[in-house]
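Analysis of the macromolecular model
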Amino acid sequence: MTVYVTVETFQGVLHDARVYLTEKSALDAEKAWLRAMGIKTQDARECKSDDGTSFTVMECDLKP
């Protein structure tokens, strides 16, 4: 089974990690985070990333 994991960091520290059953749900969470952070462009996202603030979506296999 495939799950989608989101990892949020704030100033280089793990802030939140969540698991979603669908890619759409994970991508919706990413869009909500971008809105909440006021990020509207790729350049703005990269500037946030430079100070360690980021949101990552990864596809993973669920292990028993």
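Residues numbered from 1 in each chain as written. Predicted model: local features only at pLDDT ≥ 70, side-chain atom pairs only at ≥ 80, totals over all residues. Heavy atoms only, no water.

**A few points about unusual backbone geometry**
Not every positive phi belongs to a glycine, and Gln 11 is a case in point at roughly 50°. You can see Gln 11 is positioned in the loop between strand S1 (2-10) and strand S2 (13-20). (Helix = DSSP H or I, 4+ residues; strand = E, 2+ residues; numbered from the N terminus.)

**Side note on the pattern of salt bridges**
Applying the stated rule across the entire model yields three salt bridges. The closest approach of N and O atoms between Asp 16 and Arg 18, which form a salt bridge, is 2.7 Å. Residue Asp 16 is classed as partly exposed on the basis of its relative accessible area, which comes to 24%. Classification of Arg 18 by relative accessible area gives partly exposed; the value is 47%. Its salt-bridge partner being Glu 30, residue Arg 45 comes within 2.8 Å of it at the nearest N-O pair. Here Arg 45, found in helix H2 (residues 42-50), pairs with Glu 30, found in helix H1 (residues 23-37); they are 15 residues apart in sequence, far enough to count as distant. In this structure Glu 30 comes out as buried when scored by relative accessible area, which is 16%. (Salt bridge = Lys/Arg side-chain N within 4 Å of Asp/Glu carboxyl O. Buried < 20%, exposed > 50% of the residue type's maximum accessible area, 1.4 Å probe, protein only.)

The values reported here are purely geometric and, on their own, carry no functional implication.
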